[in-house]
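Fold and geometry: a report
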Amino acid sequence: NQSANPIKRVNQAIVAYASEKQREIDELKKLEVFRREFIADISHELKTPIFAAQGFVLTLLEGAVDDENVRYKFLNKAAKSLEGLNLLVQDLLTLSQIESGDIVMQFENFDMQELTKEVFEQLEEKAQKKDISLIINYLGVDGVIVNADYSKIMQVMTNLINNGIKYGKEGGKVEVEFIKEEGYVTIFVKDDGHGIAKEHLKRIFERFYRVEKSRSRQQGGTGLGLAIVKHILQKHNTEIQVSSEVGKGTAFSFKLKSANASLVSNISTQAKI
Ligand code: ADP
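Attention in this report is confined to the structure presented alongside it. Quick caveat: nothing in here was measured; it's all calculated off a predicted structure. (Residues numbered from 1 in each chain as written. Predicted model: local features only at pLDDT ≥ 70, side-chain atom pairs only at ≥ 80, totals over all residues. Heavy atoms only, no water.)

**Description of the nonpolar core**
Under the convention used in this document: Residue types Ala, Val, Leu, Ile, Met, Phe, Trp, Tyr and Cys, when buried and joined through side-chain atoms within 4.5 Å, form a set referred to as a nonpolar core. Only protein chains enter the accessibility calculation, which uses a 1.4 Å probe. A residue is then buried if its area is under 20% of the maximum for its type, exposed if over 50%, and partly exposed in between. Numbering goes from the N terminus for both helices and strands, where a helix is a DSSP run of H or I of at least four residues and a strand is a run of E of at least two. Note on contacts: a residue pair qualifies if any of its non-hydrogen atoms lie within 4.5 Å across the two residues.
Judged by nonpolar contacts, the single largest core of 49 residues is most densely connected at M112, M157 and I161. Counting residues per element, this core draws most heavily on helix 4 (residues 150-166), which supplies 7 residues. Once residues within four sequence positions are removed from consideration, M112 is found in contact with V144, V146, I153, M157, F178, I187 and L256.

Right, dumping it as structure tokens:
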């Protein structure tokens, strides 16, 4: 629809150029708002454990230090707050490294069953405290070999299984299930815990989004676990799915390429409880 009139053509080009520039400016403005909000969020999250630790130490300095019981209790609480701060900084670093592209995924072949057993070992004590059983549900006889970044998928599984324990009910279970299909494996992490209401489901992968702040903090949550999961899986060209029912439980699932399978991109899956 170009005009034959040269002046009109120049005008059209200028209008197109201006609207392209406007789009770029809008994009930059959005990024700037996002950056400001992110810094505000981080500052707020950092303040919480710092203020708590400071409060316990100051109370001790003001005299509570003389009572041995109180001293022990307050030092313990200060140490817990500092541990929370440490976890938060670690998660923030992980997230920013993955997002900035500083970390390149190291693809290799490994068995998802072996990886899951290792994660179970690390989380066994935590699960036992709530009498939660950790179960692998896989009927196949041979391994579940995938091609992915081992340590990053270890982090994904740790975050999902850890959440299953944190938000699981006493005496419940966290089950990991594998389903092999042509070219890829679907991995499910299911629990029979509190569940997540529908209105929260689509937001739980946002940074610092928590359904119940107090429950998350009490469990040592940073609010970044699922954001990290989402980003790691994006770097694997795949995505995380979730389905949940309040009072019944939650199921997360994702697909990974089988070893030696031809490239499967943007594979998606729907989790079921
Ligand atoms: P957090 O450190 O708070 O656990 P996550 O990013 O891992 O942060 O999860 C975000 C929120 O999603 C949690 O605060 C919790 O409310 C909810 N959530 C995550 N996993 C589960 C689960 N398995 N069952 C119930 N709620 C969950």
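Structure shown, so let's carry the discussion forward.
**What about the sheet that holds strand 2 (residues 133-137)?**
Through backbone hydrogen bonds, the strands of a sheet pair up, either in parallel or in antiparallel fashion. For the record, the criterion: Paired strands, in this sense, are two strands between which DSSP finds at least two bridges. To define axes, lines are fitted to C-alpha atoms, for helices over the stretch in contact only, and angles between the resulting N-to-C directions are given on a 0 to 180 degree scale.
Strand order in the open sheet made by the 5 strands is 2-4-5-7-6, with mixed pairing throughout. Every other strand in the sheet has two partners, leaving strand 2 and strand 6 (241-245) as the edge strands with one partner each. Going across the sheet, the axis of each strand differs from the next one's by a mean of 15 degrees, ignoring polarity. Bridging between strand 5 (residues 184-191) and strand 7 (residues 249-257) involves 8 bridges; their strand directions are antiparallel. Among the inter-strand pairings, F188 is bridged to a residue of strand 7, identified as S253. This element, helix 3 (residues 112-129), spans strand 2, strand 4 (173-181), strand 5 and strand 7 of the sheet and lies at about 170 degrees to strand 2.

**What to know about a negative patch on the surface**
The following threshold applies: Every patch collects residues that have over 30% relative accessible area and no salt bridge, joining them within 9 Å if they carry like charges and within 5 Å if they are nonpolar side chains (Val, Leu, Ile, Met, Phe, Trp, Tyr). In this description, accessible areas are obtained by the Shrake-Rupley approach with a 1.4 Å probe, and a residue is regarded as covered only by the protein chains that are shown. A pairing counts as a salt bridge when a side-chain nitrogen of Lys or Arg comes within 4 Å of a carboxyl oxygen of Asp or Glu. Here the positive residues are Lys and Arg and the negative ones are Asp and Glu; neither His nor the chain ends is included. A charge is said to be at NZ when it belongs to Lys, at CZ for Arg, at CG for Asp and at CD for Glu.
Judged by side-chain charge, E118, E121, E124 and E125 come together as a negatively charged surface patch. Along the chain, E124 falls in helix 3.

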